[in-house]
Amino acid sequence: MKKLKLILLLTGIVSSQAFSQSVNNTVPATLSRSQKIVTNAPNAFVNAVSGTTYTSNQALPKNGGMPSVAVAYSDDFSLPNDIAGLEARGYLPYYRGTGPAGTTAAWFQGNVTNWGDFNGGTNEFVHSNFNSVTGANDIDNWLVLPALNIVSGDVISFYSRSFLNSTFPDSIRVMYSAVGDSVPEDLSWVELGRFKVNITGAWLLNSFIAPANGTTARFAIRYTVADGGPQGTNSDIIGIDQLDVFTPSAFDIQSMNVSGLNPQYTIIPLNQASPISLSGEVKNNGINATTGGTALFEIFDTLTSAVVFNETVNLPAINAGATAFLSTTNTFTPSSAAALRGRLTVSFPGDGNSSNDIITGSSTTFSDSIYARDDNQTSGSLGIGAGPADGIVGQNFEIANATTLTSVSFFMRDNFSPNPAGTPIYATIHAQTAGSAPNNTVLATTDSLIFLPGQIATGGEWFTLPIDGASLPLTPGLYFVGVHEVDSTLTLGTTTQLVTPQTVWVSWNTIPPPAVNGWASADDFNFFITYNLRMNFGTPTAINEIETNSTLIALYPSPASSEINIRLDETVKNAHIEIYNSVGSLVKTLTNVNEIVKVDVSGFAKGIYSVMVTANGKSFTQRFSVAK
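Residues numbered from 1 in each chain as written. Predicted model: local features only at pLDDT ≥ 70, side-chain atom pairs only at ≥ 80, totals over all residues. Heavy atoms only, no water.

What follows covers the sheet that holds strand 21 (residues 323-327). Across the sheet, three strands lie side by side as 16-18-21; this open sheet has antiparallel pairing. A single partner strand is all that each edge strand has here, and the edge strands are strand 16 (253-256) and strand 21. The average undirected angle you get between the axes of adjacent strands in this sheet is 25°. Taken together, the five bridges between strand 18 (residues 279-284) and strand 21 define a ladder with antiparallel strand orientation. Note that in strand 21 the partner of Val282 across the bridge is Ala324. (Pairing = 2+ DSSP bridges. Helix = DSSP H or I, 4+ residues; strand = E, 2+ residues; numbered from the N terminus. Axes fitted to C-alpha atoms, helices over the stretch in contact; angles between N-to-C directions.)

This paragraph deals with the packing of aromatic side chains. The full count for this structure, using the stated rule, is 24 aromatic pairs. Ring centres 5.1 Å apart and planes at 80° place the aromatic pair Phe480 and Trp519 in the edge-to-face group. Separated by 39 residues along the polypeptide, Phe480 in strand 35 (residues 477-485) and Trp519 in the loop between strand 37 (504-507) and strand 38 (520-521) bring together distant segments of the chain. Following the ring pairs from residue to residue traces out a cluster consisting of Trp115, Phe125, Phe163 and Trp203. Positioned over the ring face of Phe300 is Arg343, at 4.2 Å from the centre of the ring. (Phe/Tyr/Trp six-rings, centres within 6.5 Å; stacked < 30°, edge-to-face > 60°. Lys NZ or Arg CZ within 6 Å of the ring centre and 35° of its normal.)

Summed over the entire model, instances satisfying the criterion amount to seven salt bridges. In this structure, the salt-bridge partner of Arg173 is Glu191, at a minimum N-O distance of 3.6 Å. Taken together, the residues span a long stretch of sequence, with Arg173 in strand 11 (residues 171-177) and Glu191 in strand 12 (residues 190-196) at a distance of 18 residues. Taking relative accessible area as the criterion, Arg173 reaches 23% and is therefore assigned partly exposed. Several salt bridges share partner residues, and in doing so they unite Arg173, Glu191 and Arg194 into one network. (Salt bridge = Lys/Arg side-chain N within 4 Å of Asp/Glu carboxyl O. Buried < 20%, exposed > 50% of the residue type's maximum accessible area, 1.4 Å probe, protein only.)

All right, on to the side chain of Asp140 then. Within the element layout of this structure, Asp140 appears in strand 8 (residues 139-144). When near neighbours in sequence (up to four residues on either side) are disregarded, Asp140 contacts Tyr94, Tyr95, Arg96, Gly97, Arg222, Tyr223 and Thr224. (Contact = heavy atoms within 4.5 Å.)

The next point concerns the nonpolar core. The biggest cluster of nonpolar side chains holds 66 residues, and the ones touching the most others in it are Phe410, Met412, Ile429, Phe451 and Met535. Among the nonpolar cores identified, the runner-up in size contains 32 residues, and Tyr91, Leu192, Ala210 and Val225 belong to it. (Core = buried A, V, L, I, M, F, W, Y, C linked by side-chain atoms within 4.5 Å.)

Attention now goes to the environment of Thr495. For Thr495, the position within the fold is in strand 36 (residues 491-495). Between the C-alpha atoms of Thr495 and Asn532, which are 37 residues apart in sequence, the distance is 7.3 Å. Apart from residues lying up to four places away in sequence, Thr495 is in contact with Asp374, Asp375, Gln377, Ser379, Ile529 and Thr530. For Thr495, the side chain forms a polar contact with the main-chain nitrogen of Gln497, separated by 3.3 Å. (Polar contact = N/O pair within 3.5 Å; in protein donor to acceptor, adjacent residues only side chain to side chain.)

With that settled, consider the confidence of the model for the protein. Here the protein averages 82 in pLDDT, and 82% of its residues register 70 or above. In the model of the protein, strand 2 (residues 45-47) stands out as the element of lowest mean pLDDT, 24, in contrast to strand 8, which has the highest, 98. Low pLDDT, under 50, characterises residues 1-18; the predicted model gives this stretch 26 contacts beyond four residues in sequence or across chains. (pLDDT = per-residue confidence, 0-100.)

Another point: unusual backbone geometry. Here the residue pair Tyr556 and Pro557 is connected by a cis peptide bond, since its omega of -10° sits within 30 degrees of zero. As for its position among the elements, Pro557 is in the loop between strand 42 (553-556) and strand 43 (563-568). Positive phi outside glycine occurs at Asn592, with the angle close to 50°. You can see Asn592 is positioned in strand 45 (residues 586-593).

Further remarks concern the sheet that holds strand 42. Pairing is antiparallel across the open sheet formed by three strands, whose spatial order is 42-43-46. Both outer strands of the open sheet, strand 42 and strand 46 (596-600), are each paired with one neighbouring strand and no more. Each strand axis lies, on average, 20° off the axis of its neighbour in the sheet, ignoring direction.

Below, the discussion takes up the pairing of strand 36. Within strand 36, five of the five residues are buried, which leaves it mostly tucked inside the rest of the structure. Alignment of strand 26 (residues 380-383) against strand 36, held across three bridges, turns out to be antiparallel. Opposite Ser381, over in strand 36, you have Gly493 as the bridge partner. In this sheet, strand 39 (residues 530-531) lies alongside strand 36 in antiparallel orientation, the contact comprising two bridges. Looking across to strand 39, one finds that Thr494 is bridged to Tyr531.

What follows deals with the environment of Leu303. Assignment of secondary structure puts Leu303 in the loop between strand 19 (294-301) and strand 20 (307-314). The exposed category is assigned to Leu303, whose relative accessible area is 75%. The sequence separation of Leu303 and Ala338 amounts to 35 residues, and the corresponding C-alpha distance is 7.9 Å.

Okay, here's the thing in structure tokens:
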């Protein structure tokens, strides 16, 4: 009952819109019961034969980078993965849990609300979760592969994962029947190994060796958990992707897991760049031990393909099935703006499979001005929700070298109906100590932006707000940038592709425990995300900057009773002007305005009005009042 109480608490939070989330996908959301982080214990992986587990990189080839002399079977789960879709491909899904079946099927289509697939961040993978049974019953869901002609020594490999830092001991068993029996109760099934599902927030590769020949042999993946179900204590949710069955080569060296250029940031200002070293893993997938060979580490420009750094490392002796960790001794510090990637290429005489010799890491952009944790993709959005008087959502940035903050950019969504009217949004900057909540002292505030109905493009839009007054000098240290939503139902764009625990924070006036001094980590509410929220140390490009209280607009008289003059700066040409009342209704539209225009407001009701001027790809706002 302990976890059931937690579910009810979180349900109460969401239903009151105290911390609301919206996602941009068409797949129905599935429940997750991931709790507050209480441990970062690594996976316990046990393989009865010679399986291995290691962190994969999202840039691996689409076939998973696995070796093959002969591929018996391969499935990237790009086809429908409900029960009917799996059965159509020759799978035999079985429910063997105790008690009645639950509200979800034993196996069902992946959901990007939870995470993206191994090959490209979509929903093309398969799920199984705690709702497959009822109460606290045991889970035992079998996904039996099609019958295959298998030779002893053939390998089954697949990628699996659960939520980042999940505390539930979800586990998988891998089974094999050489005689091809498909009913789980048959005694011909043998267990090849079992392991606790990965909770690092990435897809991990699991591989197992068939111990016997079989002309109609079958492998099976079992999601099996005792005391599972919605009231149990051991189950949550798993994902399976990129499954391959193959015959290994006599010699096959595979490149794996070349390090990213930065583990936390996707865009780094050059004045914050630090020396980069590369590391990676090399696995011997063959059946013989190897001696000799080389590994070439490179950093290259993704636009020009020019190599800006390289170092060759000699491979050590590697036993069959073993993995070696390698790293460079030299470093590279970017000095010009570019999008860079790391690459690892192995070379071994007699290698029987060249398709897995090269692995490329994720891209990191080095910029003149922008500092970002997001991957420029938005898979969902998260905000405070209506009700709190001043809610704050945001994240950390580490400043390595003294610099000056000029503005803050963020991706805002308006997923609610009716659209909010006159909603003010602004950002604040705070100092923060590592391991602690943000300091409540505000170092600087941006201009406020009053969002009007329809102002945010469908699907969301980037906005930039300059620091109010002078730019903010920053000394080395940790800082928090938070976006304030005053009784708002707007949400900030989020991504799950690059998530760093304890970097995203939230605060509002009635925040419940586990908040400390009014702050809590988003991890505490089971939101393992990164915001589309950025610091700028110059003028960002390709961002919709809306200048509030702009000096390019003059409104007079204010208050007005019969007429208002809108004077534009001489640099503003052919402007489009919209006037909104205090509840966000559009009351007047003007087009092709230059210099000055007079507007009759004698029919306007008493109150505050907002003027939005758009010209030359930029927008400007000012406010005036009407008195009667």
